[in-house]
Structures are given as C-alpha cells and as structure tokens.
Amino acid sequence: MKLVASLLLLGALLMTGCTVKPGTPVKRHGDEIMVAGQLFRVGTPVVLWTDPGGYDAYRVDKRFSKFDERSFSDWDEANKKKTPQRYNIRNHNMTPEEMEAVRGGGWELEKLQGVVDQFVIHYDVCGTSHECFNVLHDRRHLSVHFMLDLDGTIYQTLDLKERAWHAGPANSRSVGVEIANMGAYADDEKKPWDRWYNVDADGQVYITIPDADDAASIRTPNFVARPSRNEMIVGEIQGKSLEQFDLTDEQYDALIKLTAALHKVLPGIELDYPKDENGDVIPHLLPQEEQDSHRGLIGHYHVSDVKVDPGPAFDWERVVNGAKKISR
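Residues numbered from 1 in each chain as written. Predicted model: local features only at pLDDT ≥ 70, side-chain atom pairs only at ≥ 80, totals over all residues. Heavy atoms only, no water.

## Here's the deal with the sheet that holds strand β5 (residues 118-123)
Logical step 1: Taken in spatial order, the six strands make up an open sheet running β3-β7-β6-β9-β5-β15, and their pairing is mixed. Each edge of the open sheet is held by one strand with a lone partner, namely β3 (46-47) and β15 (296-299).
Logical step 2: The sheet contact formed by strand β6 (residues 146-148) and strand β9 (residues 174-179) spans three bridges and is parallel. Counted as the bridge partner of Met147 is Glu178 from β9.
Logical step 3: Relative to β6, helix α5 (residues 129-139) is tilted by about 140°, and along the sheet it contacts β6, β7 (154-156) and β9.
Logical step 4: Seen against the sheet, helix α8 (residues 249-265) touches β5, β6, β7, β9 and β15 and runs at an angle of roughly 155° to β6. (Pairing = 2+ DSSP bridges. Helix = DSSP H or I, 4+ residues; strand = E, 2+ residues; numbered from the N terminus. Contact = heavy atoms within 4.5 Å. Axes fitted to C-alpha atoms, helices over the stretch in contact; angles between N-to-C directions.)

If you want it as structure tokens, here you go:
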C-alpha cells in the first residue's frame with residue numbers, strides 16, 4: 001500500500017508541475033523481494049543480491065575464492081557446462097515468440113504470473129545460507145531464488161523472472177528456497193548431530209555451527225538457534241524412515257511471510273501442498289500427472305525420487321495456515 005501511495009503522490013506532483021529532483025534516492029525498507037523488476041514488501045528481513053552482504057547468483061565468478069584466484073574459465077573444463085551462468089530463461093507455458101520477447105529481461109509481471117505456479121521447498125544440508133551459496137554457486141554451478149538462514153533472514157539471489165537451477169523438471173514454473181537445516185537421515189546413514197547440535201543445562205537443544213566463518217555470517221548478533229520442537233522428528237519419506245531436527249521458529253515465521261507474499265504477487269502459487277485422501281502431506285514422489293497439475297507449495301522429494309527434502313520435520317500445515325491468515 002505504501003508503494004501505491006508513493007506512486008500516487010508522485011503522479012499528483014507531476015500533474016501539478018512539481019518534479020522530483022534528479023538524484024533523489026528511493027527509500028528501501030529492507031523487507032522487499034524483487035519480482036520482474038518490481039519491489040514487493042514481505043514483512044521480514046530480506047537481503048537482496050544487490051545489498052551489502054548479499055549473494056549474487058548473476059555473477060559467473062566464484063564468490064568465495066580470493067579475488068586474485070577467482071576463475072572465469074574453469075566452469076567449462078571443471079564443470080563441463082556450456083555456460084558460466086547458473087540460471088536461464090523460463091519456458092513453462094511460453095511460446096518461442098514469447099521467449100524471444102523476454103530474452104533481454106523484459107518480463108511483465110502479468111506474464112510471469114501465468115508462468116510461475118509452484119514454490120519448491122528444500123533444505124540445504126549446509127546449515128547456514130553462507131555455506132549454502134558456497135556449495136550451490138561455487139562448487140555445484142547451481143542456483144536458487146531464496147535462501148533462508150537460521151535467524152530467519154531471507155537472501156534473494158535472483159529476480160523471480162529467472163529460471164533458477166534447483167529442482168530439475170520444476171525449474172521453469174517454480175520459485176525455490178533453500179532452508180538452512182542439516183537434513184534428514186536413515187538409521188544406517190552417518191549423521192551430523194554431534195557437530196551441529198547440543199543440549200543446554202535446561203535440556204533445550206540448540207544449534208552449534210562448527211565453522212567460525214559460517215557462524216559469523218548470521219546477521220542477528222549473538223543469535224542462538226534452536227529447533228522449533230525440542231525432540232527429534234521421525235517420519236517416512238520415499239519409503240524410508242528418517243530423523244531430523246526441526247527448523248527454527250525464526251525460519252518458520254519468515255517462511256510464512258514469504259509464502260504469503262509470493263501467493264499475493266504470483267497467485268498461481270496457491271496456499272496448498274500435495275495431500276493424500278486423509279489430508280496429510282504425500283511423503284513420496286508424485287506421479288508425473290500430479291506434478292503437472294499441482295499449483296502451490298511442493299517438496300523437492302515430490303519432483304525427484306532421489307531427494308527427501310524438506311524432510312519429515314517440515315511443518316507444512318504451520319506454513320500454509322500461517323500464510324492463509326496473513327493473506328486474508
């Protein structure tokens with residue numbers, strides 16, 4: 001509403017002969033996401049790729065190499081990629097003529113609203129957004145639109161008009177978020193719990209970030225990250241029994257607001273997730289027909305049978321119901 005009011009005020013000033021002085025800065029609030037070149041409020045801290053401390057997926061060099069050691073050529077030989085970019089053009093529901101029209105970046109919001117209708121939820125198995133970008137961008141030559149850190153800070157790395165590389169067949173129609181969480185594991189898998197989690201004198205679990213650089217990257221000073229539920233969560237994904245520590249309350253709060261904002265800006269992203277006949281989240285890969293027809297939130301494991309994120313601890317109802325309450 002404030003943006004609309006500002007635009008109306010600007011229009012009124014121009015009509016009355018008043019002009020805006022060249023070089024006047026536009027005020028940012030620190031909670032905006034970028035969609036087709038436009039800023040939209042979310043209501044929780046967002047760091048854009050253009051902000052100090054942001055993560056820029058448009059860059060083709062490695063973010064975490066020393067400046068004089070950055071390579072602009074190793075993407076070809078080392079990664080066997082045809083392009084240094086980590087993103088490309090969306091093509092879901094697009095004709096060749098429409099794709100040609102947006103090649104220069106000229107997306108209209110209305111057109112994007114007809115293309116994007118899924119919000120893919122991942123966990124990063126990196127523990128912090130700092131390390132997530134290091135792994136995703138520098139090492140794996142991939143991208144994602146958002147990263148959600150332990151303290152609830154949202155990092156946006158690309159405009160949502162871009163086709164990020166995060167969920168295979170869902171990329172062209174989806175927005176993706178990587179949530180800082182160490183993941184879910186079966187009994188026979190090696191688990192990182194000893195390095196990443198501890199218990200305080202009151203019996204409450206808290207997160208211990210092993211790497212000092214990663215710990216220093218958390219934007220909230222002296223932040224102590226705790227799983228929203230103190231107990232280990234056990235559930236079945238892809239037919240396997242997995243255990244996982246929950247997200248933090250700060251992550252849930254930020255994700256709820258981001259989900260509500262995405263639904264408002266891109267209404268094709270419905271406030272729903274894949275459910276069975278009992279109304280419970282479907283815990284396995286969806287048949288192709290159901291993948292094609294689903295509009296809304298969707299797990300990485302719903303579109304890939306080798307993935308289990310966002311895991312059994314992810315509280316789908318909490319996110320969707322919370323987003324519905326603030327979207328009314």
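Alright, that's what it looks like, and here's the rest.
## Topic: the pairing of β5
Logical step 1: For β5, a buried count of six out of six residues is recorded, marking the element as mostly surrounded by other parts of the structure.
Logical step 2: Here β5 shows a buried face lined by Gln118, Val120 and His122 and a second buried face lined by Phe119, Ile121 and Tyr123.
Logical step 3: In this structure, β5 lies alongside β9, joined through six bridges in parallel fashion. Its bridge partner lying in β9, Phe119 is registered against Val175.
Logical step 4: Taken together, the four bridges between β5 and β15 define a ladder with parallel strand orientation. Note that in β15 the partner of Gln118 across the bridge is Gly296. (Buried < 20%, exposed > 50% of the residue type's maximum accessible area, 1.4 Å probe, protein only.)

## Some remarks on α5
Logical step 1: Counting buried residues in α5 gives 10 out of 11 residues, a clear majority hidden from the surface.
Logical step 2: Every buried residue belonging to α5 is among Ser129, His130, Glu131, Cys132, Phe133, Asn134, Val135, Leu136, His137 and Asp138, and all of these are buried.
Logical step 3: Looking at the packing, one finds that the buried side of α5 touches β6, β7, β9 and α7 (212-216).
Logical step 4: Positioned one or two residues after α5, His141 has a phi angle of 60°, which is positive.

## Quick notes on the packing of aromatic side chains
The relation between two aromatic rings is expressed through the spacing of the ring centres and the mutual angle of the planes.
Logical step 1: This structure, assessed with the given rule, holds 12 aromatic pairs.
Logical step 2: Considering the side-chain rings of Tyr252 and Phe314, the 6.3 Å spacing of their centres and the 35° angle between planes classify their relative orientation as tilted. Here the residue Tyr252 occupies a position in helix α8, and Phe314 occupies one in the loop between α10 (300-303) and α11 (316-327), the gap between them amounting to 62 residues.
Logical step 3: Relative accessible area serves as the criterion here: at 5%, Phe314 is assigned to the buried category.
Logical step 4: The residue whose ring lies beneath Arg63 is Phe64, and the NZ or CZ to ring-centre distance is 4.8 Å.
Logical step 5: One Lys or Arg, Lys275, reaches over the ring of Tyr273 and ends 4.8 Å from the middle of that ring. (Phe/Tyr/Trp six-rings, centres within 6.5 Å; stacked < 30°, edge-to-face > 60°. Lys NZ or Arg CZ within 6 Å of the ring centre and 35° of its normal.)

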